[in-house]
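The residues making up each chain are set out below.
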Amino acid sequence: MIKSLPIPILGFAAYSGTGKTTLLEALLPKLTDAGLRIGMLKHAHHNFDVDKEGKDSYRLRKAGASQMLISSRNRFALMTETPESESEFDYLLSRFDTEKLDIILVEGCKNIAFPKIELHRVEVGKPWLYPNDNNIIAIATDEVVPDTSLPQMSINDLEAIAKFVVDYARASKQPSAAKTESAYCDTLSPAFLSVTQGQEKILSLVDTVTETQTCPVEQSYGRVLASDVQSPVNVPQYTNSAMDGYAIRGDDLDRAQYHVVAEVLAGHAYPHALEKGQAVKIMTGAPTPEFADTVVMREQATEIGDNVTFNSASIKRGQNVRQAGEDLPLGANVFNQGQRIASAEMGMIASLGFAECSVFRKLKVAVFSTGDEVQAPGSKQQENTIYDSNRFTIMGLLEKLGCDIIDFGILEDNEALMIDALEKAAEQADVVITSGGVSVGDADYIKLALDKLGQIDFWRINMRPGRPLAFGHISQKPFFGLPGNPVAVMVSFINFVEPALRKMQGEHNWTPLKVNAMASENLRSRQGRTEFSRGIYELDHSGQLTVRTTGKQGSGILRSMSEANCLIEISPSVDTVKVGESVTIIPLQGRI
């Protein structure tokens, strides 16, 4: 969003107590006098109200309006409640009408990547921001800083600061065509892809298997439906009582007492039409007799002999009765093709009387590790070797997805052997996955073998961990070359392999669950790349979802994935998430 803005954006970054608001209050008139039309975004770390208590808009918002728009002759304002999570920076920028502005100024948001002026006062006693933030383009301070080439201004010289902002706005308004073209090409370069670009590119190059099979319902868990499921019956199949009680006629509600003519249990029925003055004692799920369209719950009834009276005057015609076809009418669509079957779907399919369902066949996935340094577990460890963990990690992930796994073991660094194994894997499987040998500087055996067998691209993904990734086809079969580091293998699989496999299995429009949580510790990242940290989320005493890391985040610390119940995703525009700020998490339950 920042790159696509048609007007420049400039922030004023400083620690609390530096006087950002006071400076901007004095600066804005000078900028408007210079002809700039200014949009202002201010970030607050605390709760706030923008209208006064007692005002109509305040009262209506507090009464429950999640969006409150108030308008007058001179201005309008839209106040939106965001109790679930703080609004994203890009979304806030999209609220501005940029056709009527020359520049957007931002107070705060110092952890987000966009151009900023750092404000600094010695008396505040805080460290400098600019040494760790490449987005700071100038500093305004009350001291001289000798060790920087950044433009410097006195924080008390409003004329100098105003001139800098005006010059920046005018210089930024017309980027050269060459610069725009270069940025566009860099963005789409296959050698340096964002996570989203990598995912979209892979998904565009894989197809759903075409073969289907009939599967018994009891063996269908985790399979993907190959055809729609339509109801062959009404659900419920007959009009029935929603609770234990007495069935009476809805056109006969004013009677003092009713004569009980029968008792109907579930699985049985009263074969006669109910007459006025009669009642049938009925159990939950039992069919209601003809003309009996109302059920009074047992707790409201007093039965004496063969008669019953009701101690409530609030009986309504049609209450406590489930109509035939109320949940699903005959012929209604229950599940669509592409639905993955879980326990609830198994029960629903069985409840309709189906013993079998049509599903896509299972994917066959070939897996092997590469490298002379990798040794099979269970053997005596040799010098300069490591036990193979990646292959077992990948097999566990594939098992979770319901794939048939073909284990090719460990391939040594021998080009001829690798070519032979890769050819056999592509013949036997729908997908081939390896780990190791795809990073810059790795031995070239796997790369040479792949180059001779198919079309493989070696990508650098703008993420950590898991930067190196190879993807392509061997004999028209998708190939994934994952990194060698154990955690990077899992993170790369979750981000790139799993979405592709789900599409190949026939699952429609699958996206991973992502939710917002409040950071319970400071989280650091490197701006410009997506960071995936292993995290533990939980609910605090007030019911707020919070998250913290598992500790050290080295890409070889496989134990951290065992301890984690989520990935913490920090976007490329952020370098620090402070305690109490919102961050995106990807829950891992059911996926690893």
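Source: prediction; values computed, not measured.

Novice: Would you explain the side chain of serine 533 in this entry?
Specialist: Secondary-structure assignment places serine 533 in strand β32 (residues 530-539). Once residues within four sequence positions are removed from consideration, serine 533 is found in contact with Thr549, Gln553, Cys566, Leu567 and Ile568.

Novice: Help me out: how do you make sense of the pattern of salt bridges in this one?
Specialist: When their charged atoms lie close together, side chains carrying opposite charge are able to pair. The tally for this structure, following the rule as stated, stands at 24 salt bridges. Aspartate 420 is the partner of lysine 424 in a salt bridge, and the nearest nitrogen-oxygen pair spans 3.3 Å. Remark: aspartate 420 and lysine 424 occur in helix α9 (residues 415-428); sequence separation between them is four residues, near one turn of the helix. Across the salt bridge formed by glutamate 498 and arginine 502, the nearest N and O atoms sit 2.9 Å from each other. Placement of the pair is glutamate 498 and arginine 502 together in helix α11 (residues 486-504), with a separation of four residues, close to one helical turn.

Novice: Explain the packing of aromatic side chains here, please?
Specialist: The description of two aromatic rings rests on the distance between their centres and on the angle between their planes. Under the criterion given, the structure shown has six aromatic pairs. Measuring from ring centre to ring centre gives 5.1 Å for phenylalanine 471 and phenylalanine 480, while their planes differ by 55 degrees; the resulting arrangement is tilted. Taken together, the aromatic side chains of Tyr246, Tyr258 and Phe310 make up a single cluster linked through ring pairs. Taking NZ or CZ as reference, lysine 116 lies 5.0 Å from the ring centre of phenylalanine 114, over its face.

Novice: Just checking my understanding: could you explain the environment of aspartate 575 for this structure?
Specialist: Along the chain, the position of aspartate 575 falls in the loop between β34 (566-570) and β35 (576-577). Overall, aspartate 575 belongs to the buried group, its relative accessible area being 9%. In sequence terms aspartate 575 and threonine 18 are 557 residues apart; their C-alpha atoms lie 21 Å from each other. Here aspartate 575 is in contact with Asn111, Asn132, Leu523, Arg524, Ser525 and Gln527, once residues within four sequence places are set aside.

Quick notes on the rules
- Residues numbered from 1 in each chain as written.
- Predicted model: local features only at pLDDT ≥ 70, side-chain atom pairs only at ≥ 80, totals over all residues.
- Heavy atoms only, no water.
- Helix = DSSP H or I, 4+ residues; strand = E, 2+ residues; numbered from the N terminus.
- Contact = heavy atoms within 4.5 Å.
- Salt bridge = Lys/Arg side-chain N within 4 Å of Asp/Glu carboxyl O.
- Phe/Tyr/Trp six-rings, centres within 6.5 Å; stacked < 30°, edge-to-face > 60°.
- Lys NZ or Arg CZ within 6 Å of the ring centre and 35° of its normal.
- Buried < 20%, exposed > 50% of the residue type's maximum accessible area, 1.4 Å probe, protein only.

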